[in-house]
Amino acid sequence: MAHSGWWLVLALALLAATALYFLAVIVLTRKRRPVVEVETPWVPEPRDLRAEHLAEIDRIERSVHRGDVPARVGHQHLSRTVRDYVAEVSQIPADKMVLADLKETVRSDPRTRPLAMAVEVMYPPAFASEEEGQAAERFPEALGRARQVVTTWT
């Protein structure tokens, strides 16, 4: 006597349903891994120090030419700006050094020669008495030296 083919199909379907049941139980009841959110540290936008200091030199130049600031004070601001720039982009504490220190540093680090030369141009008018004429006459040279230091420093 022959059996119907539907019994074989029914048996295979029940076997597949049982396998799917156990698979669903395993997948749906297992512990889920906790979602770990990794915080990325805040990183500030990179600054273009060269452009910032060149803009500061331009601002000092405009202030002196408009007469808002005397040339003598302009020399002081230029000196501070170039020394701050070198201190920010290198390991040289130029912002805390006086001219004698800068000249001494030239022996060990030749890169500081343009800085020392620029500060040497800026110091006499910056610390002179109220002789505004000398400060005004030397201001264009000081501007050129300041820009040279900022644009060529490596």
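Model, not experiment: these values are computed from the prediction.

Caption draft 1: Representation of the overall build of the protein chain. Helix and strand content of the protein chain: 6 helices and 0 strands. Beginning at the N terminus, the succession of helices and strands in the protein chain can be written as α-α-α-α-α-α. Over its C-alpha atoms the protein chain spans a radius of gyration of 37 Å, topping by over 25% the 15 Å that the globule rule assigns to 154 residues. For the protein chain, the spread of C-alpha atoms along the three principal axes comes to 130 × 40 × 25 Å. The buried share of the protein chain, reckoned over its 154 residues, is 30%. Nonlocal contacts in the protein chain, meaning residues at least 24 apart in sequence, comprise 66% of its contacts between residues at least 6 apart. Positive and negative side-chain charges of the protein chain, numbering 20 and 21 respectively, have mean locations separated by a distance of 9 Å.

Caption draft 2: The packing of aromatic side chains, seen in detail. Inspection of the entire model under this criterion finds 1 aromatic pair. On the basis of an interplanar angle of 70 degrees and a centroid distance of 5.5 Å, the ring pair of Y21 and F22 is categorised as edge-to-face. Assessed through its relative accessible area of 51%, F22 is described here as exposed.

Caption draft 3: Inspection of the side chain of E56 at higher detail. In this fold, E56 is placed in helix α2 (residues 49-66). A distance of 2.6 Å separates a polar atom in the side chain of E56 from a polar atom in the side chain of R59. Residues in contact with E56, not counting those within four places in the same chain, are R80 and T81.

Caption draft 4: Quick peek at the UniProt feature "transmembrane region" (unreviewed entry) in the protein chain. As recorded in UniProt, the feature "transmembrane region" (unreviewed entry) lies at residues 6-28. Span residues 6-28 is 100% helix and 0% strand, its end C-alpha atoms 32 Å apart.

Caption draft 5: A look at the packing of helix α3 (residues 71-89) against helix α5 (residues 113-127). Between α3 and α5, the shortest axis-to-axis distance is 8 Å and the interhelical angle comes to 155 degrees. The orientation of α3 relative to α5 falls into the category roughly antiparallel. Our pair here, α3 against α5, has a crossing hand that is left-handed. Together, R72, H75, Q76, L78, S79, V82, R83 and V86 of α3 and L115, V119, V121, M122, Y123, P125 and A126 of α5 make up the contact between the two elements. When grouped by side-chain class, the residues that make up the contact of α3 with α5 number 10 nonpolar, 3 polar and 2 charged.

Caption draft 6: Representation of the nonpolar core in the model. Grouped together as the largest cluster of nonpolar side chains are 30 residues, with contacts concentrated most on L78, V82, V86, L102, L115, V119 and M122. Here V119 is in contact with S79, V82, R83, L99 and L102, once residues within four sequence places are set aside.

Caption draft 7: View of the pattern of salt bridges. Applying the stated criterion across every chain, the model contains 13 salt bridges. Where R47 meets E88, a salt bridge forms, and the shortest distance between an N and an O atom there is 3.5 Å. One end of the pair, R47, is in the loop between α1 (6-29) and α2; the other, E88, is in helix α3, with 41 residues separating them in the sequence. Since its relative accessible area comes to 53%, R47 is described here as exposed. Here E141 and R145 are joined by a salt bridge, their closest N and O atoms 3.6 Å apart.

Caption draft 8: Structural context of the side chain of H75. Within the secondary structure layout, H75 lies in helix α3. Of the residues examined, H75 reaches a relative accessible area of 0% and is grouped as buried. Within the local environment of H75, its side chain forms a polar contact with the backbone oxygen of A135, the two atoms lying 2.8 Å apart. Contact partners of H75, with chain neighbours within four places excluded, come to V121, M122, P125, A126, A135, R138, F139 and A142.

What counts and how
Residues numbered from 1 in each chain as written. Predicted model: local features only at pLDDT ≥ 70, side-chain atom pairs only at ≥ 80, totals over all residues. Heavy atoms only, no water. Helix = DSSP H or I, 4+ residues; strand = E, 2+ residues; numbered from the N terminus. Rg over C-alpha atoms; globule rule 2.2 N^0.38 Å. Buried < 20%, exposed > 50% of the residue type's maximum accessible area, 1.4 Å probe, protein only. Contact = heavy atoms within 4.5 Å. Lys, Arg positive; Asp, Glu negative; His and termini not counted. Charge placed at Lys NZ, Arg CZ, Asp CG, Glu CD. Phe/Tyr/Trp six-rings, centres within 6.5 Å; stacked < 30°, edge-to-face > 60°. Polar contact = N/O pair within 3.5 Å; in protein donor to acceptor, adjacent residues only side chain to side chain. UniProt positions renumbered as here; feature names shortened; annotations may be inferred. Axes fitted to C-alpha atoms, helices over the stretch in contact; angles between N-to-C directions. Parallel < 35°, antiparallel > 145°, perpendicular 65-115°, else oblique. Left-handed = near helix turned anticlockwise from the far one by under 90°. Nonpolar A, V, L, I, M, F, W, Y, C, P; charged D, E, K, R; others polar. Core = buried A, V, L, I, M, F, W, Y, C linked by side-chain atoms within 4.5 Å. Salt bridge = Lys/Arg side-chain N within 4 Å of Asp/Glu carboxyl O.

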